[in-house]
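Spelled out, the chains give:
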Amino acid sequence: MIRERIEELRRLLDYHNHKYYVENAPEISDFEFDTLMHELQRLEAEHPEYADPNSPSVRVGSDLCAEFRTVRHRYAMLSLGNTYSLEELHEFLDRIEREAGPTDYVCELKFDGTAISLTYEEGQLVQALTRGDGVEGDDVTANVRTIRSVPLRLRGEGWPALFEIRGEILMPYASFDRLNAEREANGEPLFANPRNAAAGTLKQQASAVVARRGLDCTLYQLAGDNLPFTTHWESLAKAREWGFKVSEHMRICHDTAQIDEFIAYWDEARRQLPFPTDGVVIKVNDFAVRRQLGFTAKAPKWAVAYKFKAEQALTRLESISFQVGRTGAVTPVANLEPVLLAGTTVRRATLHNAEQMALLDIRPGDMVYVEKGGEIIPKITGVELAQRPADSLPFRYIDRCPECGTPLVRYEGEAKHYCPNQSGCRPQIIGRMLHFIRRKAMDIEGLGEETVELLYDNGLVHDISDLYDLQAGQLAPLPRLGEKSADNIIRSIRRSTEVPFRRVLFGLGIRFVGETTAKYLAEHFRSLDAVMAASREELVEADEVGEKIADAIREYFADAENLRIIGRLRQAGLQFEEAARELASEALAGRSFVVSGRFTRSRDEMKELIELHGGRNLAAVSGNVDYLVAGEKMGPAKLKKAEKLGIRILSEEEFLRMVGEADAPSERISQTGLPEERPEPAAPTAGPRPQEGAAPASGSAREQELF
Ligand code: IVH
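Fair warning: this is a prediction, and the values are worked out from it, not measured in the lab.

1. Notes on the sheet that holds strand β22 (residues 648-650)
(1) Moving on: With respect to topology, four strands assemble into an open sheet ordered β20-β19-β21-β22, the strand pairing being parallel. Unpaired on one side and paired on the other, β20 (616-617) and β22 mark the two borders of the sheet.
(2) Moving on: Summarising the sheet, strand β19 (residues 592-596) and strand β21 (residues 627-630) pair through four bridges and their orientation is parallel. Residue Val594 lies in a different strand from β21, and its bridge partner there is Leu628.
(3) Moving on: Helix α22 (residues 603-612) rests against β19, β20 and β21 of the sheet, and its axis sits at about 170° to β19.

2. Remarks on unusual backbone geometry
(1) Moving on: Even without being a glycine, Asn226 presents a positive backbone phi close to 50°.
(2) Moving on: The residue Asn226 is located in the loop between β8 (216-223) and α8 (232-241) in this model.
(3) Moving on: One non-glycine residue, Asp443, lies in positive phi territory at about 50°.
(4) Moving on: Structurally, Asp443 is set in the loop between α12 (426-437) and α13 (449-457).
(5) Moving on: You can call Asp443 partly exposed: its relative accessible area is 29%.

3. Some thoughts on the site of the ligand
(1) Moving on: Among the 13 residues in the neighbourhood of the ligand, the closest are listed as Glu108, Leu109, Phe111, Glu168 and Tyr220.
(2) Moving on: Taking Glu168, its side chain carries an N or O atom lying 2.7 Å from an oxygen atom of the ligand.
(3) Moving on: Judged by its atoms lying within 2 Å of the grid points, the ligand is housed in the second largest pocket.
(4) Moving on: Of all the secondary structure elements, the ones that give two or more residues to the shell around the ligand are β3 (105-111), β8 and β10 (277-284).
(5) Moving on: The biggest single contributor to the shell around the ligand is β3, with four residues.
(6) Moving on: Taken together, the residues that form the shell around the ligand break down as eight nonpolar, one polar and four charged.

4. What to know about a negative patch on the surface
(1) Moving on: Together, Glu87, Glu88, Glu91, Asp94 and Glu97 make up a region of like negative charge exposed at the surface.
(2) Moving on: Within the secondary structure, Glu97 sits in helix α3 (residues 86-100).

5. Topic: the sheet that holds β3
Adjacent strands of a sheet form backbone hydrogen bonds with each other and so pair up, either parallel or antiparallel.
(1) Moving on: The sheet built from five strands is open, its strands ordered β2-β11-β10-β3-β9 with mixed pairing. Each edge of the sheet is formed by a strand with only one pairing partner; in this case those strands are β2 (81-83) and β9 (251-253). Averaged over all pairs of adjacent strands, the angle between strand axes in this sheet comes to 30°, irrespective of strand direction.
(2) Moving on: Pairing between β2 and strand β11 (residues 303-307): three bridges, direction parallel. Bridge pairing in β11 places Gly81 opposite Val304.
(3) Moving on: Contacts from α8 reach β3, β9 and β10, with the element oriented near 55° to β3.
(4) Moving on: Contacts from helix α9 (residues 256-269) reach β3, β9, β10 and β11 within the one sheet, and its direction differs from that of β9 by about 145°.

6. A few points about the side chain of Gln221
(1) Moving on: Mapped onto the elements, Gln221 comes out in strand β8.
(2) Moving on: Owing to a relative accessible area of 16%, Gln221 belongs among the buried residues under this scheme.
(3) Moving on: At 3.1 Å, the side chain of Gln221 and the side chain of Lys283 are in polar contact.
(4) Moving on: The residues contacting Gln221, other than those within four sequence positions of it, are Glu164, Ile165, Arg166, His232, Leu236, Lys283, Arg290 and Trp302.

7. What about the layout of surface pockets?
(1) Moving on: Volume-wise, the second largest pocket comes out at about 1100 Å³.
(2) Moving on: When residues of the lining of the second largest pocket are traced back to their parent elements, those giving at least two are β3, β4 (114-121), β7 (162-170), β8, β10, α10 (287-293) and β11.
(3) Moving on: When grouped by side-chain class, the residues that make up the lining of the second largest pocket number 20 nonpolar, seven polar and 13 charged.

8. Regarding the confidence of the model for the protein chain
(1) Moving on: Scored by pLDDT, the protein chain comes out at a mean of 87, with 92% of its residues at no less than 70.
(2) Moving on: Confidence drops under a pLDDT of 50 for residues 663-707, and excluding neighbours within four residues, the segment shows 126 contacts in the predicted structure.

9. Focus on the packing of α12 against α13
Packed helices, taken two at a time, are described by their axes: the angle between them and the distance between them.
(1) Moving on: Their axes nearest at 10 Å, the elements α12 and α13 cross at an angle of 130°. Viewed along their axes, α12 and α13 adopt a mutual orientation that is oblique. Of the two possible hands of crossing, α12 and α13 adopt the one that is right-handed. Here Arg426, Ile429, Ile430, Met433, Leu434 and Ile437 of α12 come into contact with α13, specifically with Glu449, Val452, Glu453, Tyr456 and Asp457.
(2) Moving on: Here the contact of α12 with α13 is built from residues that sort into seven nonpolar, no polar and four charged.

10. Quick notes on the pairing of strand β15 (residues 367-372)
(1) Moving on: Among the six residues that make up β15, five are buried, leaving the element largely enclosed by the rest of the structure.
(2) Moving on: In this sheet, β15 lies alongside strand β12 (residues 311-324) in antiparallel orientation, the contact comprising six bridges. Among the inter-strand pairings, Arg316 is bridged to a residue of β15, identified as Met367.
(3) Moving on: Sheet analysis places β15 next to strand β16 (residues 379-383), joined by four bridges and oriented antiparallel.

11. A look at the pattern of salt bridges
Opposite charge on two side chains permits pairing when their charged atoms draw close.
(1) Moving on: As enumerated under the stated definition, the model contains 45 salt bridges in all.
(2) Moving on: In this structure, Asp52 engages Arg153 in a salt bridge whose closest nitrogen and oxygen atoms are separated by 3.4 Å. In this pair, Asp52 sits in the loop between α2 (30-46) and β1 (70-72) while Arg153 sits in the loop between α4 (141-144) and β7, placing the two residues 101 residues apart along the sequence. Residues Asp52 and Arg153 agree in their burial class; the two are buried.
(3) Moving on: The salt bridge partner of Asp267 is Arg270, with a shortest N-O separation of 3.8 Å.
(4) Moving on: Members of the salt-bridge network, linked through shared partners, are Glu7, Arg10, Asp14, Glu44, Asp52 and Arg153.

12. Focus: the packing of helix α20 (residues 547-558) against helix α21 (residues 560-572)
(1) Moving on: Two elements in contact, α20 and α21, have axes separated by 5 Å at closest approach and are oriented at 75°. The orientation of α20 relative to α21 falls into the category roughly perpendicular. Along its contact with α20, which presents Tyr556, Phe557 and Ala558, the element α21 presents Ala560, Asn562, Leu563 and Ile566.

13. A short note on the nonpolar core
(1) Moving on: With 54 residues, the main nonpolar core has Phe436 and Leu467 as its most contacted residues.
(2) Moving on: Put simply, the parts of the chain that give this core at least two residues each are α12, α13, α15 (482-495), α16 (501-507), α17 (515-525), α18 (528-533), α20 and α21.
(3) Moving on: For Leu467, the residues in contact, after removing those within four places along its chain, are Met433, Phe436, Ile437, Ile444, Leu447, Val461 and Ile493.
(4) Moving on: Judged by nonpolar contacts, the second largest core, of 37 residues, contains Met171, Val210, Leu215 and Leu219.

Calculation criteria
- Residues numbered from 1 in each chain as written.
- Predicted model: local features only at pLDDT ≥ 70, side-chain atom pairs only at ≥ 80, totals over all residues.
- Heavy atoms only, no water.
- Pairing = 2+ DSSP bridges.
- Helix = DSSP H or I, 4+ residues; strand = E, 2+ residues; numbered from the N terminus.
- Contact = heavy atoms within 4.5 Å.
- Axes fitted to C-alpha atoms, helices over the stretch in contact; angles between N-to-C directions.
- Buried < 20%, exposed > 50% of the residue type's maximum accessible area, 1.4 Å probe, protein only.
- Near = heavy atom within 4 Å.
- Polar contact = N/O pair within 3.5 Å; in protein donor to acceptor, adjacent residues only side chain to side chain.
- 1 Å grid on protein atoms, 1.4 Å probe; cavity = no way out; pocket = protein on both sides within 12 Å on 5 of 7 lines; lining within 4 Å.
- Sits in = over half its atoms within 2 Å of the grid points.
- Nonpolar A, V, L, I, M, F, W, Y, C, P; charged D, E, K, R; others polar.
- Patch = residues over 30% accessible without salt bridge, like charges linked within 9 Å, V, L, I, M, F, W, Y side chains within 5 Å.
- Areas by Shrake-Rupley, 256 points an atom, 1.4 Å probe, with all protein chains shown as cover.
- Salt bridge = Lys/Arg side-chain N within 4 Å of Asp/Glu carboxyl O.
- Lys, Arg positive; Asp, Glu negative; His and termini not counted.
- Charge placed at Lys NZ, Arg CZ, Asp CG, Glu CD.
- Points joined across faces, edges and corners; volume = space filled by probe spheres on them.
- pLDDT = per-residue confidence, 0-100.
- Parallel < 35°, antiparallel > 145°, perpendicular 65-115°, else oblique.
- Left-handed = near helix turned anticlockwise from the far one by under 90°.
- Core = buried A, V, L, I, M, F, W, Y, C linked by side-chain atoms within 4.5 Å.

Encoded structure:
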């Protein structure tokens, strides 16, 4: 019965996933989808004996850091010859015709992501490898399983018992913009383009992070022994029937003219696509002709990529200015004589950092090449030295903050310069304040950038804590405000004292502590005092907190000025504790636990259970500990110490029995029994499904968001 229901739910969820992510034609609401997913997760948690690595519930990923095994490709992953010139393309086609006679071609888009090879056995996804060096790739199966458009089990019938299918992992512009906006808000370096973001994400060690980043996967090539097809077109049509996402933007071309037409069309139309492309791939359709043509050492002789030229313009660099962000990072910006590029007028471009500028030897007054490839922010790719003014001098990078004059510093491993004057540098203070009032943080309405600048410049606020002393009477006389807006602002500030602790923690603007990390920290430590008191070792115990983040947190709370501000925020009545929750039972009241190792649930979930039943979590094994809940792969030293101290050691199962978990099943899934070397951890619950590929992002809109 239960087994049948689990199977039915998996079938239903696979079906709706495909409708949503592959066909872009959902039939049920997100809520209905989530309800089915929760039911499946609950049943899977109750019945680990029915675990399946390809269950749709694995799409949420896990928090475990994976090591990527290197695996040899069954069929080498070759590259493609490429050209930027139609003339060369025509020569290529002529050569084929000379050798094989007239033949049909399939023209496809060249997707600008990172190549992937998926292996299916008996209709089940068993492996996903990156291209690597073409001979060996990295095993990124756990990450790829979280990509919703990759079918875990195939639909229909007639697929070969064993085959590979290759394609591109892409990051749609919408996901890319969201990711970079998030990274910017957290003071993390931005990804230069969606391709880097896709490749970087795929190599992420925690698949739960991959799951959230909204990757997509388009397939364009089958590989296998004795595949039952005679043409490429036919093979892709079948792949589509089996549930793969295969581009609709393909065409069979009988001659050069049709190929040129396809290229000309997409060189323009690609701007409307929601994901990046950088050319067209032209492939011989007939497999027999392909075999006849064969390969060179590196690439097939039956296919070639025609690459679109990145759009370039030449313009004058009028001046170089410097932006200081809320973290103090200094970004050099090129101010350009306005120039039309890919449909938008470009006035500014990032120069990244001092090193990049030195590499280009860029100087004000130079004529520079501006390019807009897959990148959102235009970049300067070169200097036209022939047009350099005779009296031009090398540019000397600034050594003081352009805003406050403080000497800049460079931290180890960082390319950027920083202004260390956190508490006295205007853009940093204003940037922090704007971050604090953001909708996702304190959600203070009525305060935009201009108003915050006004407040600061009029000496009404110096830091975020001053907001809580503001009176309507001080605001009303300011330009563009008036009594009504002043009242609204004050009311919104007062209301923000009710904002939950996790958002307050996010609002503080600690480096690298984004919305999600703040949530994990809040769930783990439950109060600001606990976060402040935590050691580095204790901090990294929270989900998603690594050493870099832990250090940033410690640094933040070591700063006297930050402590003063926190003291004032406390007085203002902000929420510094996670709301108390009702206990499920007192089963563990008065007892202390240490949870260590890996479990079928996440460690934080185990800890939550302890607190939910009145117990207390301790970080380290000591005489104060009553129980050690020992998972797999826990350190032997810890175990020994616990034994020596006479602490009772519990297995996961024994512990779950203590809290009667059979009666209160977890909503999270267990993934035991995977045919993999390492035990899989439990996954967090499914997040909302991102809406990818809805509206094509226009270049100008994206540019405006970042500048
Ligand atoms: S076919 C034997 N088709 O471009 C070569 N590749 O520059 C099989 N790419 O490594 C590749 N879109 O990552 C093919 N429609 C498409 C493609 C495509 C993007 C990538 C792929 C390949 C690279 C070669």
